[in-house]
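What follows is the residue order along each chain.
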Amino acid sequence: MKKQLLAGTAIAAACVLVAGGAAAQDKKMMKPSISVNGYYEGVVGGILDEDMGADTSALDTRTDAEIHFNGRGSLDNGMKLHARVELEGQNNHSQAIGRGSGTVGDPIDEYFIKVSGSFGSITLGGTAGAPVKMLTGMSGSWATGVGENLSFDDGWVPSEGTTGGQFHRIAHSRLDTGDAEKVTYISPKFGGFQVGMTYSPRRANHDDNVRPDTTAQPHDGLEGAVSYSGKFGDVGLAVGVGMTAYQGGTDGGTANQDLSDWLIAARFDFGGGFRVSAAHKRTTDDNEANQAMLTDIGVRFVSGANSFSLVGMHGELDVGEASHTKVMGSYARALGPGTTVHLNLLWNESENRAGTAQNSGLAGIIGIKVGF
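Here's what I pulled together on the structure shown here.

Calculation rules
Residues numbered from 1 in each chain as written. Predicted model: local features only at pLDDT ≥ 70, side-chain atom pairs only at ≥ 80, totals over all residues. Heavy atoms only, no water. Helix = DSSP H or I, 4+ residues; strand = E, 2+ residues; numbered from the N terminus. Buried < 20%, exposed > 50% of the residue type's maximum accessible area, 1.4 Å probe, protein only. Contact = heavy atoms within 4.5 Å. Areas by Shrake-Rupley, 256 points an atom, 1.4 Å probe, with all protein chains shown as cover. Patch = residues over 30% accessible without salt bridge, like charges linked within 9 Å, V, L, I, M, F, W, Y side chains within 5 Å. Salt bridge = Lys/Arg side-chain N within 4 Å of Asp/Glu carboxyl O. Lys, Arg positive; Asp, Glu negative; His and termini not counted. Charge placed at Lys NZ, Arg CZ, Asp CG, Glu CD. Polar contact = N/O pair within 3.5 Å; in protein donor to acceptor, adjacent residues only side chain to side chain. Core = buried A, V, L, I, M, F, W, Y, C linked by side-chain atoms within 4.5 Å.

## Remarks on the overall build of the protein
Consideration 1: Counting its regular elements, the protein contains 4 helices and 18 strands.
Consideration 2: Per-residue burial for the protein yields a buried fraction of 42% across its 372 residues.
Consideration 3: Here the contacts in the protein between residues at least 6 apart in sequence split such that 60% fall between residues at least 24 apart.
Consideration 4: For the protein, the accessible area works out to roughly 18,100 Å², and carbon and sulfur atoms hold 60% of it.

If you want it as structure tokens, here you go:
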């Protein structure tokens with residue numbers, strides 16, 4: 001039955017692509033073209049205070065850079081195509097290959113092709129699923145931070161208790177299943193409402209064109225999201241819920257049980273440049289030892305070229321002592337088109353599952369980011 005459902009979904013999607021909605025055949029076609037853009041960010045940080053088991057350097061420099069290759073075109077039925085490949089700027093960049101599955105060196109980040117029209121959009125490739133694409137812009141620090149990223153740039157103070165899959169459970173607030181190859185449909189908006197669905201053959205990042213091994217890997221994943229955005233008087237509102245569910249490996253064992261998460265997020269935009277956003281994520285894996293919760297909140301104020309934000313996140317496992325708390329205040333100023341400088345003060349505190357190791361510290365970070 002499940003295979004018939006998936007086959008039927010694929011046939012329906014193919015029909016949509018062929019039909020292209022009700023667009024007129026005489027619409028002007030655009031020959032596919034390619035453009036190159038991306039960003040480069042350089043930062044310098046220093047440890048102002050720390051309480052850790054291991055010694056680290058007081059100062060550090062870091063870089064985050066990507067080059068994006070974008071191919072775009074339009075068809076005679078009015079549909080638009082967008083193909084994209086993202087090249088990492090660091091030679092030693094590693095990507096997580098699945099919850100608790102370690103990392104693999106890979107210079108390519110996301111890659112996909114998207115077809116969009118009056119029916120919505122269909123995306124195929126190694127990229128995030130519907131919950132990330134639809135809910136990130138309304139999820140706590142993701143929607144309000146103006147400097148460093150609270151989920152990815154908190155490593156200035158080394159963390160305990162977030163190795164492997166625990167990072168996604170108690171220190172990272174999106175329903176992010178990585179860049180495993182998947183197919184995603186996102187509808188157009190109807191009265192402010194939008195829905196999205198994703199199917200992924202396996203959860204681990206891969207681009208080897210090998211069929212998934214269902215014996216020891218999370219597989220046959222479904223992801224979904226529903227959102228609403230609108231305006232009530234002078235207040236803009238965006239709210240959404242999302243979920244992910246992956247089948248565990250068929251060989252059994254706690255390491256191969258079913259994986260699931262859900263998230264609710266909301267964003268409020270007030271007059272005068274104020275924004276408040278919050279998100280709550282719950283991990284409900286069949287393995288009780290991995291069940292966890294995380295809350296992410298933030299506030300932002302924008303005045304001309306100046307932006308200020310205060311964001312915070314707390315996550316903890318249901319079983320064991322592992323927890324993660326971080327707070328960051330940031331200031332950013334636009335120096336010109338696509339160029340900003342930002343100052344950040346980051347507090348990071350964490351504890352491992354056994355409660356035997358704790359790290360905490362305060363870091364000051366300054367960076368400049370150029371988008372091109």
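After presenting the structure, the write-up continues.
## A few points about a negative patch on the surface
Consideration 1: On the surface, a cluster of negative charge is made up of D49, E50, D51, D55 and E349.
Consideration 2: A total of 3 residues in the negative patch trace back to one element, the largest contributor, which is strand β1 (residues 30-51).
Consideration 3: Relative to the assigned elements, E50 resides in strand β1.

## Observations regarding the side chain of E66
Consideration 1: Tracing the sequence through the fold places E66 in strand β2 (residues 59-74).
Consideration 2: As a buried residue without a salt bridge, E66 has its nearest oppositely charged side chain in R84, at a separation of 5.7 Å.
Consideration 3: Side chain to side chain, E66 and H68 meet in a polar contact 2.8 Å long.

## Describing a nonpolar patch on the surface
Consideration 1: Together, I34, V36, Y40, I67, F69, V85, L335, I368, V370 and F372 give the surface a local cluster of nonpolar side chains, amounting to about 890 Å² of exposed area.
Consideration 2: At the level of secondary structure, the elements contributing two or more residues to the nonpolar patch comprise β1, β2 and β18 (358-371).
Consideration 3: In terms of residue count, the dominant contributor to the nonpolar patch is β1 (3 residues).
Consideration 4: Tracing the sequence through the fold places L335 in strand β16 (residues 323-336).

## Describing the side chain of S330
Consideration 1: On the secondary structure map, S330 appears in strand β16.
Consideration 2: Among the residues examined, S330 registers a relative accessible area of 7% and is labelled buried.
Consideration 3: Leaving out residues up to four positions away in the same chain, S330 has contacts with V146, G147, E148, S307, F308, S309, L343 and N344.

## Section: the nonpolar core
Consideration 1: Ranked by size, the top nonpolar core spans 13 residues in total, and within it L150, W156, M328, L346 and I365 carry the most contacts.
Consideration 2: Among the elements of the structure, β1, β15 (306-317) and β18 are those that each provide at least two residues to this core.
Consideration 3: Apart from residues no more than four positions distant in its own chain, L346 is found in contact with L150, D153, D154, W156, K326, V327, M328, G361, L362, A363 and I365.
Consideration 4: Among the nonpolar cores identified, the runner-up in size contains 11 residues, and A130, L135, A238 and A279 belong to it.

## Here's the deal with the pattern of salt bridges
Consideration 1: By the definition in use, this model includes 8 salt bridges.
Consideration 2: With a closest N to O distance of 2.8 Å, R84 and E86 form a salt bridge.
Consideration 3: By relative accessible area, E86 is classed as buried at 6%.
Consideration 4: Linking R174 and D176 is a salt bridge whose minimum nitrogen-to-oxygen distance equals 3.4 Å.
Consideration 5: Taking the relative accessible area as the measure of exposure, D176 reaches 12% and is therefore buried.
Consideration 6: Residues joined in a network through salt bridges with shared partners are R267, D269 and R275.

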